[in-house]
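Examining the three-dimensional arrangement
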Amino acid sequence: MTSDAPVIVWLRRDLRIADNPALQAAVARGAPVIPLFILDEDTGWPLGGAARWWLNGSLTALAAKLAKLGTTLIMRRGAPDKVLRAIVQETGAATVLWNRCYEPAVIARDKAIKSDLQKGGISAESFNGALLFEPWELKTQAGNPFKVFTPFWRTAVSAPAPRKPLPAPKKIHGYGGKVTSDVLTSWKLPPVKPDWAVGLRDTWIPGEAAAQDHVDKFHEETVTEYVKSRDIPGETGTSRLSPYLAFGEISPHQVWHQANHWEPGAGQAGFMRQIIWREFSAHLLYHFPQMPEAPLRPAFADFPWTRDKKALRAWQQGHTGYPIVDAGMRQLWHTGWMHNRVRMVVASFLVKHLLLPWRTGEDWFWDTLVDADLANNAANWQWVAGCGTDAAPYFRVFNPVLQGEKFDGDGAYVRRWVPEIAGLPDAWLHKPWEAPDMELKKAGVVLGKTYPAPIVDHKTARIRALAAFKKIRTGD
DNA sequence: TTTTGAGTTGTTCGA
DNA sequence: GTCGAACAACTCAAA
């Protein structure tokens, strides 16, 4: 009799069919399955604009896939405890299954929900579908969480191998009764006025199928050159898997297992290392839940940040006068994504050249990135700012001109995103303010008019940053 | 408990 | 143009 009671699979950041432990467990019970997505806008960090756009596409793809398999995705908005209780009531479901999320606020919410459900006689169980290793599994010999990546990596790769991915169910036993679902469009996830998502639509296809396409393409075309090409923003030298991983349209297990079977080499190893970086960030957030809001090194509480709103706006809009920085910020705004190398350059620029708080950068990335992930975002901003556990040394100030010349020597990236200076020869492209008047004229560039003059002087800003960082060391 | 070696992605300066 | 050192000190993780 209980086997006929439906099972609710509460989908969250695991918007996929394959390698979905909660879904798999539900199907295995033989009972009708009710896949449910709840839009919870009150727990933790509310989704940023770009992520909301992505979610819309993800849910559309997921609903279509579930329909093909014989069931219907139910979508509701509201407080998850209330929604779950309502659906249990409506359907007589006896079980709720989900895959764990590891953000502090979500952990707390889910814990309360689990105990509430169980108190009400409903079976509730959670699974790991998001991490190769549980955050409490990898420990130093002294039993502490890792704070340094390299030993974390060594421990991860010598630990028992993560489980193999689960196959996608071929058929899902749908629920015959009636359950009401919101209409996705009523959530108004994508922007309307102004419609800033044009570039996102041109760049991305959310969903499980596209995620696997990215893995295949990366394997076929990119991985052997990865070590070098991953640093060249003008090329497609990276996997671009981040948004798919962030929404769980592919699992790290699927990626890890496939990569493990590729031909061994520096590219393969380097890529797998990046997957472990994702784990590292998630583990850090689990053990240091304050990471998104507060510097992990307490000394940074007193850092003399500036609050220059005009500079912040110039950075956000890609009008700093440093071409590589502006190119990155515009790529971000246009596509919801930025190349890894350039993320470092723009982040260093915000924190060190402009001395703006890393939290302002974190907030902007959170709102504009389709791959916005609380753990990665926080860990990486803290790394750049130097206040993380395993952070960049204070004297590492990226020189945006050198970075441009080194990694975008042919100017492909800057010319694509900063077209108003595209006519400049390579020699001046990354430092237009040094170009001879004649070259500027030929390229149709009028500094301060068609393209901004640098908002800070590199040398001056560097000295200022070093002085500021020295202050928190000595406590002067 | 103490010691030891090491720590994602850089820049600048002077020889 | 190339190369090595300095830029700091601290904390982490394992031996």
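It should be noted that the structure appears before, not after, this text.
Note that the coordinates shown come from a computational prediction; the quantities given were computed from them, not determined experimentally.

1. Things to note about the pairing of strand 2 (residues 33-39)
- Burial analysis of strand 2 places seven of its seven residues in the buried class, the great majority of the element.
- The side-chain alternation of strand 2 yields two buried faces, one formed by V33, P35, F37 and L39 and the other by I34, L36 and I38.
- Sheet topology places strand 1 (residues 7-11) next to strand 2; five bridges connect them, and they run parallel. When the bridges of strand 2 are listed, L11 appears paired with F37.
- One ladder, built from four bridges, connects strand 2 with strand 3 (residues 74-77); its direction is parallel. What sits directly across from L39, in strand 3, is R77.
- One crossover worth recording links strand 2 to the parallel strand 3 by way of helix 2 (residues 49-69), and it is right-handed.

2. Some details on the protein's contact with DNA strand C
- The full set of residues close to DNA strand C is T140, Q141, P145, F146, K147, V148, P151, P393, Y394 and F395.
- Protein-adjacent atoms of DNA strand C, using a 4 Å cutoff, are sugar or phosphate at a proportion of 66%.
- A distance of 3.1 Å is found between a phosphate oxygen of DNA strand C and a backbone nitrogen or oxygen belonging to V148.

3. Some details on the protein's contact with DNA strand B
- Neighbouring DNA strand B are 20 residues; T150, W277, D390, R396 and H458 lie closest to it.
- Contact distances for DNA strand B include 2.8 Å between a phosphate oxygen and a side-chain N or O atom of H458.
- Of all the elements in the fold, those that place two or more residues in the surface near DNA strand B are helix 5 (149-158), helix 11 (266-287), helix 14 (340-353), helix 17 (400-407) and helix 21 (458-474).
- Ranked by residue count, the leading element in the surface near DNA strand B is helix 14, at three residues.
- Each residue belonging to the surface near DNA strand B can be placed in one class, and the counts come to nine nonpolar, six polar and five charged.

Each value, and the rule that gives it
- Residues numbered from 1 in each chain as written.
- Chains lettered and ligands numbered in written order.
- Predicted model: local features only at pLDDT ≥ 70, side-chain atom pairs only at ≥ 80, totals over all residues.
- Heavy atoms only, no water.
- Buried < 20%, exposed > 50% of the residue type's maximum accessible area, 1.4 Å probe, protein only.
- Helix = DSSP H or I, 4+ residues; strand = E, 2+ residues; numbered from the N terminus.
- Pairing = 2+ DSSP bridges.
- Right-handed = clockwise from strand over helix to strand, strands pointing away.
- Near = heavy atom within 4 Å.
- Polar contact = N/O pair within 3.5 Å; in protein donor to acceptor, adjacent residues only side chain to side chain.
- Nonpolar A, V, L, I, M, F, W, Y, C, P; charged D, E, K, R; others polar.

By themselves, these figures tell us nothing about what the structure is for.
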